[in-house]
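Analysis of the macromolecular model
Chain residues, written in single-letter form:
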Amino acid sequence: MRSLALHNVRNIGIMAHIDAGKTTTTERILFYTGVSHAIGEVGDGTSEMDWMAQERERGITITSAATACFWNVADERFCINIIDTPGHVDFTMEVERSLRVLDGAVAIFCGVGGVEPQSETVWRQADRYRVPRIAYVNKMDRIGADFENVIEMMEDRLECRPVRMHLPIGVEGTFCGVIDLVTMRALTWEDNTPGEPYIEGDIPADMMDQAEFSREQLIEVVADLNEDMMLKYLEGEEISPEEIRSVIREGTLNLQIVPVITGSAYRNNGIQPLLDTVVRYLPSTSDVRAIEGIDPEAYRRMMDQRVSYSELDKIKRKACDQEPFAALAFKVMIDPYVGPITFVRIYSGVLVTESYVFNSAKGKREKVGRLVRMHANRREEIDIVRAGEIAAIVGLRFTTTGDTLCDEHHPIILEAMDFPKPVIEIVMEPLTDEDHERLTTSIQLISAEDPSFQVRTDEETGQTVLAGQGELHLEIITDRLQREFKVQARVGMPRVAYRESIQKAVEITEKFERKIGDKAMFAEVTLRIRPADRGAGVLFVSSVKNDVVPREYWNAIEQGVREAAEVGSLAGYPVVDVKVELVGGNYHEVDSSEQAFKIGAANAFRDGMQKSSPVLLEPMMSVEIMTPEEFMGDVIGDLSARRGTIQEMVPRVSQQIIRATVALGQMFGYSTDLRNRTQGRATFTMHFDQYDLVAKNLADAIIERGAGRRARR
């Protein structure tokens, strides 16, 4: 039997911009709930959730870490499964796969910085997965903290409806507690001692007017969300705290509002109310709608007939132990002693040790040898995991991130996850043959952990090329290769991952005829190649009838197109943002084969690329710089010299926020340059925006360097 009912389980993520205090807050949660007996600190490298050596050295979160804790509200016990996610843009993929399996999230905002660039990025990710959120305004003890400014920024930049549940008592050095606008009581912490309970008392007299005004705003929100409450409000009746909480919870689950509370995690202020808020307003596993998937046969039909996932009939699985088992593998961690540890979210049914599951994405049976509940990198052995829970399976052989595990007699495939494409590359050259073997093995292990990391061999030079999301991403990977896997290698300077595309549409017919020994090969394909929207990648569709080109050859044609698109005609970079349509062709009953159509399609695509005005693309980055006003001129001048485009400038308390778009190739080493220009007082963040055309003079030089790539064709 269950120890806790479904409505007593919360699966939440902690998400925010870097340095907003995510891990600091999570460490306090673990301490206050009794999971840890001492508070780990990010600054001195003792935090439990940041367990990797690279995390502790840099004081940042690199990989999402899972844990579980218990909390009592009104004498009722709740289990809170928590995933602490990274805040740096290079590790956005970790946030993406966490939000895919979570039911709710705590968005943490710095009381000084407010809504920062990565805050917006993770917020949009949560929007995409329709994850209900609460907001915690942290660091209210810091100089420059402004609760109301954060509320305004949430409205303006996140386009949401924040609802004040707290008011801060004091600000900066005088911050000592909060006013709970539901109960209209003051909650204060006297000496910031870890574990100290708050003191509940009357609202300070000098804040009563502000508290009553904010309470009235809260009541108006409640009345707006619920017709019964509107009637009570209009008739002047009192709305009880229980009624307020019920309506706020409903509005949060429906994504209509975002409850906002405040505190200072570092000073141990506001952690207990935060846990109460998680339990009261974020969804339980029973509140979440049934997960949808498709039958494996429908999945194969989707791949064969090029229909979209949304067009297929869905199978539903309710969060119930009695339903057939279904789970999603959302993360793989490689342990040097036990092998792969696969994190799974159980959507329905139960899973026990020594049982078998079916990987419906790969068509493989997997044995569940051990089940564990993870606490960062510590493991707690368990025998069973039930619907709505998050756990990890030790030793799965075939399962990778995004795979569905299910009951073999009731197969289902859940919607897969999409991961960002790399924008930056480095070359790594092993020093010895032994290092080369180590590098090959270790790259496979890291790739299994991190789907946003890619590796290839440069066909011209034979060098190993590592590709990732940014300089820090690749720096962490090379550090792990050298430290964990003992790979001795020379590491090249970062270089831009350029792409190629086209500017005009063409239609190409390619007839492939060849005789190899006694066997003849024949295929004829007609492709219409035209530009697609930025970010579309390579799209392939077929509009021919089965009697023109049999359906059995369509996959081979698509494969030929995609393989040809790996090497562009200008400088040998991958081709993106093109739509390829199979519009005609011919075949021979005896001589045609999948191989013949694959080769014919590849030749047609290469020929079409050369005739469709190919262009070179470069990754453009959205850059946000916070600088003191006296350095603003130097910073803007430097951005202009880097071919940057200023989007806007926003004043903020003796600082200026400069938002610009700059080519990634112009941003290498920018951190050092910015520190030198501003005496170390300016900071910046940067994230990928889109690919765009390279200036003609620069493109010519890049194409000339890539002449060897064209020769490979």
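Up top you'll find the structure we're talking about.
Rules and cut-offs
Every residue gets a number counted from 1 within its own chain, in the order that chain's sequence is written. Since the coordinates come from a predicted model, pLDDT governs what is reported: local features require at least 70, and pairs of side-chain atoms require 80 or more to be given and counted, while whole-chain, interface and lining totals use all residues. Think of the side-chain values as coming from all heavy atoms in the structure, minus any hydrogens and water. Stacked, edge-to-face and tilted are the three classes for Phe, Tyr and Trp ring pairs, Trp counted by its six-membered ring, which pair at centre distances within 6.5 Å; planes under 30 degrees apart are stacked, over 60 edge-to-face, the rest tilted. Secondary structure elements are taken from DSSP: a helix is a run of H or I of four residues or more, a strand is a run of E of two residues or more, and numbering for both begins at the N terminus. Buried, partly exposed and exposed residues are distinguished by accessible area as a fraction of the type maximum, computed with a 1.4 Å probe on protein chains only: under 20%, between the cut-offs, and over 50%, respectively. Throughout this description, the term charge over a ring refers to an Arg CZ or Lys NZ atom that lies within 6 Å of the ring centre and within 35 degrees of the ring normal. Here, strands pair whenever DSSP counts at least two bridges between them. Patch criteria: residues need more than 30% relative accessible area and no salt bridge. Like-charged residues are merged within 9 Å; nonpolar side chains of Val, Leu, Ile, Met, Phe, Trp and Tyr are merged within 5 Å. Here the Shrake-Rupley method, with its probe set to 1.4 Å, supplies the accessible areas, and only the displayed protein chains count as covering residues. For salt bridges, the criterion is a side-chain nitrogen of Lys or Arg within 4 Å of an Asp or Glu carboxyl oxygen. Taken from the helix axis, the directions to the C-beta atoms give the arc we talk about. Here a polar contact is recorded for every N or O atom pair within 3.5 Å, except that within protein the pair must consist of a potential hydrogen donor and a potential acceptor, and residues adjacent in sequence are included only if both atoms are side-chain atoms. Counted charges follow a simple rule, with Lys and Arg positive, Asp and Glu negative, and His plus the chain ends left uncounted. A charge is said to be at NZ when it belongs to Lys, at CZ for Arg, at CG for Asp and at CD for Glu. For helices, the axis comes from a line fit to the C-alpha atoms of the stretch in contact; other axes are also lines fit to C-alpha atoms, and the angle between any two N-to-C directions lies between 0 and 180 degrees. Roughly parallel means an angle under 35 degrees; roughly antiparallel means over 145; roughly perpendicular covers 65 to 115; every other angle is labelled oblique. Whether two residues are in contact is decided by their heavy atoms: any pair within 4.5 Å suffices. For this classification, the nonpolar set comprises Ala, Val, Leu, Ile, Met, Phe, Trp, Tyr, Cys and Pro, the charged set comprises Asp, Glu, Lys and Arg, and every other residue, Gly included, is treated as polar. Two cysteine sulfurs form what is called a disulfide whenever their separation falls within 2.5 Å.

1. Points about the packing of aromatic side chains
All told, the structure shown has eight aromatic pairs when counted by the stated rule. Relative to Phe597, the ring of Tyr553 lies with its centre 4.6 Å away and its plane at 20°, an arrangement referred to as stacked. Highlighted residues: Tyr553 in the loop between strand S33 (538-542) and helix H13 (554-564) and Phe597 in helix H14 (residues 594-611), separated in sequence by 44 residues. On the accessibility criterion, Tyr553 (8% relative accessible area) is buried. Residue Phe597 is classed as buried on the basis of its relative accessible area of 0%. Positioned over the ring face of Trp123 is Arg133, at 4.5 Å from the centre of the ring. The ring of Tyr356 has Arg365 sitting right over it, with the charged end atom 4.3 Å from the ring centre.

2. Observations concerning the sheet that holds strand S13 (residues 315-317)
Spatial ordering of the open sheet is given by S13-S12-S24, a layout of three strands whose pairing is antiparallel. Edge positions in the open sheet fall to S13 and strand S24 (413-414), since each of these has one partner strand only.

3. What to know about a nonpolar patch on the surface
Among the surface-exposed residues, Val350, Val352 and Ile384 lie close enough to one another that they form a single nonpolar patch of about 180 Å² accessible area. Considering the arrangement of structural elements, one finds Ile384 in strand S21 (residues 384-386). Note on Ile384: relative accessible area 32%, which makes it partly exposed.

4. Observations regarding helix H5 (residues 147-157)
The set of residues buried in H5 consists of Phe147, Val150, Ile151, Met153, Met154 and Arg157. In a view along the axis of H5, the buried residues occupy a sector of 165°, so they form one face of it. Among the residues of H5, the N-terminal cap falls to Asp146, whose side-chain oxygen and the backbone nitrogen of Glu148 are separated by 3.2 Å. A positive phi of about 55° marks Glu159, the residue just after H5.

5. Things to note about the pattern of salt bridges
A complete count under the given rule lists 46 salt bridges for this structure. In this structure, Asp127 and Arg124 form a salt bridge, with 3.6 Å as the shortest nitrogen-oxygen distance. Taken together, the residues Asp127 and Arg124, both in helix H4 (residues 117-128) and three residues apart, mark about one turn of the helix. On the accessibility criterion, Asp127 (34% relative accessible area) is partly exposed. Connected through salt bridges with shared partners, the residues Glu120, Arg157, Glu624, Glu648 and Arg659 form a single ionic network.

6. A closer look at a negative patch on the surface
A cluster of acidic side chains, namely Asp146, Glu152, Glu155 and Asp156, defines a negative patch on the protein surface. Its place among the elements puts Asp156 in helix H5. Its relative accessible area of 61% is what places Asp156 among the exposed residues.

7. What to know about the packing of helix H1 (residues 22-32) against helix H9 (residues 271-281)
When two helices pack together, their arrangement is given by the angle between their axes and by how far apart the axes lie. Put simply, H1 and H9 touch, their axes get as near as 10 Å, and they point 85° apart. As far as their axial angle goes, H9 and H1 are roughly perpendicular. Contact with H1, carried on its side by Thr25, Arg28, Ile29 and Tyr32, involves Ile271, Gln272, Leu274 and Leu275 of H9 and no other residues of that element. A breakdown of the residues in the contact of H1 with H9 according to their chemical character gives five nonpolar, two polar and one charged.

8. Points about the sheet that holds strand S5 (residues 133-138)
Sheet architecture is open: seven strands sit in the order S2-S3-S1-S4-S5-S11-S6, paired in mixed fashion. The sheet is open, and its two borders are formed by strand S2 (65-73) and strand S6 (162-164), each paired with just one other strand. On average, each strand axis in the sheet is tilted by 30° relative to the strand beside it, whichever way the strands run. Bridge analysis of S6 against strand S11 (residues 258-262) gives three bridges, and the strand direction is parallel. Looking at S11, one finds that Pro162 is bridged to Val258.

9. Quick look at the state of the cysteines
By the definition in use, this model includes zero disulfides. A disulfide-free cysteine, Cys110 has its sulfur positioned 17 Å from the sulfur of Cys160, the nearest such atom. Lacking any disulfide linkage, Cys406 is separated from the closest cysteine sulfur, that of Cys320, by 17 Å.

10. Concerning the environment of Arg164
Structurally, Arg164 can be placed in strand S6. A residue is classified by how much of its surface remains accessible, and Arg164, at 19% relative accessible area, is buried. Along the primary structure Arg164 and Glu148 are separated by 16 residues, whereas in three dimensions their C-alpha atoms are 9.5 Å apart. Within the structure, the side chain of Arg164 is placed 2.7 Å from the side chain of Glu148, a separation counted as a polar contact.

Function cannot be inferred from these measures alone, as they are strictly geometric.
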